[in-house]
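Listed below, chain by chain, are the residues.
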Amino acid sequence: MSGTGSSASAAAGSASPQVDLTVLAAASLTDVFKTAAAAYEKQHPGTSLKFSFAGSQELAAQVKQGAPADALVTADTTTMDGVRAQVNDPKVIAKNRLVIATAKGNPLKIDSLKDLADTKIKVVLAAPEVPAGRYSKEVLDEQGITVKPVSQEPNVRAALSKVELGEADAALVYKTDAASAKAKVDAVEIPDDQNAVASYPAATLKASKKGPAATEFVAWLSAPEAQKILTDAGFQKP
């Protein structure tokens, strides 16, 4: 009996341990990270990825409060810099740009940032403390455009949702967000010289108890397969 028990123990010991990683990620990564997770878990049997998506500022607050997680990916370097004491060596994995999301068919014929100053157009922005809101304020201020939003949302996906639901005529969102909802919204491009570049840094959390597995996942985000998934979704290379 003891021999059988030893064999069973040996077999159990040789099996790959199950690792569940919790990744806090910017809301604009919702769709692409679900695709990336499927690819990663297929390549790494025994590793399961669980994502918590929200505005980057909300994720940073969670990290500072000690929320149990293993990695963090924000939509700007400013937010990541604010938690440098809690993370290890952030690395930018992708970039993004803003577009104007409008109702399908662009019924109000919005074709530039200056159109958003028209008070007859209901515009929604991400809140100023959200990276997308900060980028939006930056591009509008640089063009001397004053926009009075009907609401300021806690993350960029919430801003996009207002347009999808017909509760707003336009919103400044990331190019990838508009692409994810192309059945319901149109995207009006913003010229590069009037736009902002959003950088997405990723890092492991110092408090993680699954350091090696978290490090492997964050490193994979810069690998060719992950980069292809990101660029296929409309993100730019870092």
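Conventions adopted
Residues numbered from 1 in each chain as written. Predicted model: local features only at pLDDT ≥ 70, side-chain atom pairs only at ≥ 80, totals over all residues. Heavy atoms only, no water. Core = buried A, V, L, I, M, F, W, Y, C linked by side-chain atoms within 4.5 Å. Buried < 20%, exposed > 50% of the residue type's maximum accessible area, 1.4 Å probe, protein only. Contact = heavy atoms within 4.5 Å. Helix = DSSP H or I, 4+ residues; strand = E, 2+ residues; numbered from the N terminus. Axes fitted to C-alpha atoms, helices over the stretch in contact; angles between N-to-C directions. Parallel < 35°, antiparallel > 145°, perpendicular 65-115°, else oblique. Left-handed = near helix turned anticlockwise from the far one by under 90°. Nonpolar A, V, L, I, M, F, W, Y, C, P; charged D, E, K, R; others polar.

Draft legend 1. A look at the nonpolar core. Of all hydrophobic cores here, the largest spans 68 residues; its most connected members are F33 and F217. Leave out the neighbours within four places in its chain, and F217 touches L21, V23, Y40, L49 and F51.

Draft legend 2. The arrangement of the side chain of T102 in detail. Looking at the element boundaries, T102 is found in strand β4 (residues 87-103). Note on T102: relative accessible area 1%, which makes it buried. With near-sequence residues (within four places) excluded, T102 lies in contact with I110, V163, D169, K184, V185, D186 and V188.

Draft legend 3. Quick peek at the packing of helix α2 (residues 30-43) against helix α9 (residues 224-232). Packing of α2 against α9 leaves a shortest axis separation of 9 Å and a crossing angle of 155 degrees. Between α2 and α9, the interaxial angle falls into the category roughly antiparallel. As α2 packs across α9, the resulting crossing turns out to be right-handed. Residues V32, T35, A36, A39 and Q43 of α2 form the contact with α9, whose own contacting residues are E225, I229 and L230. Classifying every residue of the contact of α2 with α9 gives five nonpolar, two polar and one charged.

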